[in-house]
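Structural overview
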Amino acid sequence: LSLMELFNIPLPKELQHDTSGEVCFRPLNIDDVDKNFIAILSQLTNAPNISKSSFVEVFQKMRASGCYFIVVGEHLPSKQIVACATLLIEYKFIRGCGTAGHVEDVVVDKSMRGRNLGIKLIEALKFLAQNLGCYKLILDCSKVKSCLHMAIGSIGFEMFILFFRTMRVSTNDVV
């Protein structure tokens, strides 16, 4: 497989690495099938192993649609994916045919939790949604999953930004 990213919007420099510099945040790459990507998703929900050809087929459909923006965190020393989150763009007839962003499938490897990687992923998705012209960003999930989700809920940019500036996640089993 050759280097092919799911999307080509560059993340700003401050969103490209965690504070340690060990985790690089970037678009999902077609080669990430070999870097633990599905195993990370399985820490969130039922995500059985799939064939490389199935991964490539779905990746190419997502890329062609222009509606899927998956950001991954790659642990540079191990070259493995340790975190990911998805932004899905929904086209609307309201708001002058506007677009809404949906945050999906936010997960951080159990061994990497407590390092604010989930917060960095959400910030990256927020950046992408704003740059894609979304009038709101929705995170809809079970409140049992994490206090990050409980703090953000299903709210738009104004409240999202307000929560994000004031929120402090302190538990290690969250993000």
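In the block above lies the structure referred to throughout.
Figured I'd write up the structure that's included with this text.

This next bit is on the pattern of salt bridges. Side-chain pairing between opposite charges can occur once the charged atoms of the two side chains come close. Applying the stated criterion across every chain yields a total of 8 salt bridges. Arg115 serves as the salt-bridge partner of Asp18, at 3.0 Å between the closest nitrogen and oxygen. In this pair, Asp18 is assigned in the segment before strand 1 (23–27) and Arg115 in the loop between strand 4 (99–108) and helix 4 (117–131), connecting sequence segments 97 residues apart. Asp18 gets classed as buried once you look at its relative accessible area, which sits at 7%. Taking the relative accessible area as the measure of exposure, Arg115 reaches 29% and is therefore partly exposed. For Arg26, the salt bridge is made with Glu74, and the minimal N-O distance between the two is 2.9 Å. Here Arg26, found in strand 1, pairs with Glu74, found in strand 2 (residues 68–75); they are 48 residues apart in sequence, far enough to count as distant. Residue Arg26 shares its accessibility class with Glu74, and that shared class is buried. Linked by salt bridges that have partners in common, Arg26, Asp32, Lys35 and Glu74 make up one network.

Turning next to the packing of aromatic side chains. Under the definition given, this model contains 3 aromatic pairs. Plain terms: the ring middles of Phe37 and Phe55 are 6.0 Å apart, the flat faces sit at 75° to each other, and that makes the pair edge-to-face. Residue Phe37 is located in helix 1 (residues 37–41), and its partner Phe55 is located in helix 2 (residues 52–65); the two are separated by 18 residues in the primary sequence. Under the relative-accessibility criterion, Phe37 is labelled buried at 6%. Judged by relative accessible area, Phe55 falls into the buried class, the value being 6%. Members of the aromatic cluster, each reached through a chain of ring pairs, are Phe37, Phe55 and Phe59.

Here helix 2 spans 20 Å end to end across 14 residues, near enough to the 20 Å set by a 1.5 Å rise per residue. Restricting attention to buried positions, one finds in helix 2 the residues Phe55, Val56, Phe59 and Met62. The arc that holds every buried residue of helix 2, seen down its axis, measures 130°, which confines them to one face. Turned more than 90 degrees away from the buried face of helix 2 sit Ser53, Lys61 and Ala64, all of them exposed. Summarising the contacts, the buried residues of helix 2 are in contact with helix 1 and strand 2.

This part is about the nonpolar core. Membership of the largest hydrophobic core comes to 46 residues, with the highest contact counts inside it found for Leu28, Phe37, Val71, Leu87 and Leu128. Contributions of two or more residues to this core are made by strand 1, helix 1, helix 2, strand 2, strand 3 (80–91), strand 4, helix 4 and strand 5 (134–139). If we skip the residues at most four places from it in the chain, Val71 touches Phe7, Leu11, Phe25, Arg26, Ala83, Cys84, Ala85, Leu121, Ala124, Leu125 and Leu128.

Time to look at the pairing of strand 4. Within strand 4, 8 of the 10 residues are buried, leaving the element largely enclosed by the surrounding structure. For strand 3 and strand 4, the ladder comprises 8 bridges, and the chain directions are antiparallel. What sits directly across from Leu88, in strand 4, is His102. One ladder, built from 5 bridges, connects strand 4 with strand 5; its direction is parallel. By the bridge assignment for strand 5, Val103 is matched with Leu139. Handedness of the β-α-β unit built from strand 4, helix 4 and strand 5 comes out right-handed.

So, how was this worked out
Residues numbered from 1 in each chain as written. Predicted model: local features only at pLDDT ≥ 70, side-chain atom pairs only at ≥ 80, totals over all residues. Heavy atoms only, no water. Salt bridge = Lys/Arg side-chain N within 4 Å of Asp/Glu carboxyl O. Helix = DSSP H or I, 4+ residues; strand = E, 2+ residues; numbered from the N terminus. Buried < 20%, exposed > 50% of the residue type's maximum accessible area, 1.4 Å probe, protein only. Phe/Tyr/Trp six-rings, centres within 6.5 Å; stacked < 30°, edge-to-face > 60°. Expected span 1.5 Å × (residues − 1). Arc of directions from axis to C-beta. Contact = heavy atoms within 4.5 Å. Core = buried A, V, L, I, M, F, W, Y, C linked by side-chain atoms within 4.5 Å. Pairing = 2+ DSSP bridges. Right-handed = clockwise from strand over helix to strand, strands pointing away.

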